[in-house]
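Next come the chains, spelled out residue by residue.
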Amino acid sequence: MAKVTGWVGWIWFAGMMIILAGLFNLVSGIYAIIDDELYVTTRKGLLLFDLTGWGWVHLILGVLLLVTGIAVSVGKGWARLIAVILVMLNALTQLTWIMVNPWWSLVVIAVDVLVLYALIVHGKEAEAMREY
């Protein structure tokens, strides 16, 4: 049984940030799908997809992040692994989105790094907290 310390707050922080990232991705995705004139892109689109395609990617990732963030916040063990994968994907999609929204993407990538730290280093404590 893992010892629960004050560091378990990092997991709650990670869960809330994942939920927030999910909500931001949902909003960003919906905007890109509904009004692709809102963002400025090059003639060739945004890397692999046009802006509407990236909007769908952000929308789907947003839903997955939202559900996983809730599961992380309540201490579900399976959610930690899924969250690590989704947060890394979120950082990668932000890296591709950097041409559209550079400062926002850099901030999101920095927060994703903090969330990864919390999930990887202090994740076991959240599972132990559920046992009390």
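Rules and cut-offs
- Residues numbered from 1 in each chain as written.
- Predicted model: local features only at pLDDT ≥ 70, side-chain atom pairs only at ≥ 80, totals over all residues.
- Heavy atoms only, no water.
- Helix = DSSP H or I, 4+ residues; strand = E, 2+ residues; numbered from the N terminus.
- Buried < 20%, exposed > 50% of the residue type's maximum accessible area, 1.4 Å probe, protein only.
- Contact = heavy atoms within 4.5 Å.
- Areas by Shrake-Rupley, 256 points an atom, 1.4 Å probe, with all protein chains shown as cover.
- Axes fitted to C-alpha atoms, helices over the stretch in contact; angles between N-to-C directions.
- Parallel < 35°, antiparallel > 145°, perpendicular 65-115°, else oblique.
- Left-handed = near helix turned anticlockwise from the far one by under 90°.
- Expected span 1.5 Å × (residues − 1).

Asker: Quick rundown of the overall build of the protein chain? Include the residues and the values.
Answerer: Broken down by element type, the protein chain carries four helices and zero strands. Ordered by position from the N terminus, the helices and strands of the protein chain form the series α-α-α-α. The 132 residues of the protein chain split such that 42% are buried. Pairs at least 24 apart in sequence give 74% of the contacts found in the protein chain among residues at least 6 apart. By element, 74% of the accessible surface of the protein chain is carried by carbon and sulfur atoms, the whole surface being about 7600 Å².

Asker: Could you give an account of the packing of helix H1 (residues 8-34) against helix H3 (residues 77-97), with specific residues and numbers?
Answerer: For any two helices packed against each other, one specifies the crossing angle of their axes together with the interaxial distance. Contact geometry of H1 with H3 gives a least axis separation of 12 Å together with a crossing angle of 40°. Between H1 and H3, the interaxial angle falls into the category oblique. The two elements H1 and H3 meet at a crossing, and its hand is left-handed. Residues Ile-18, Ala-21, Asn-25, Ser-28 and Ala-32 of H1 form the contact with H3, whose participating residues are Ala-83, Val-87, Asn-90, Gln-94 and Trp-97.

Asker: Tell me about helix H2 (residues 51-73), and please be specific about residues and values.
Answerer: End to end, H2 covers 32 Å across 23 residues, agreeing with the expected 33 Å (1.5 Å per residue, within 8%). At the exit of H2 stands Gly-75, carrying a positive phi of roughly 85°.

Asker: Describe H3, listing the residues and the values that go with them.
Answerer: Count 3.6 residues to each turn of an α-helix, and residues three or four apart come out pointing the same way. The terminal C-alpha atoms of H3 lie 30 Å apart, and with 21 residues this matches the ideal 30 Å at 1.5 Å per residue to within 8%. Taken as a whole, H3 has its buried residues at Ala-79, Arg-80, Ala-83, Val-84, Leu-86, Val-87, Asn-90, Ala-91, Thr-93, Gln-94, Thr-96 and Trp-97.

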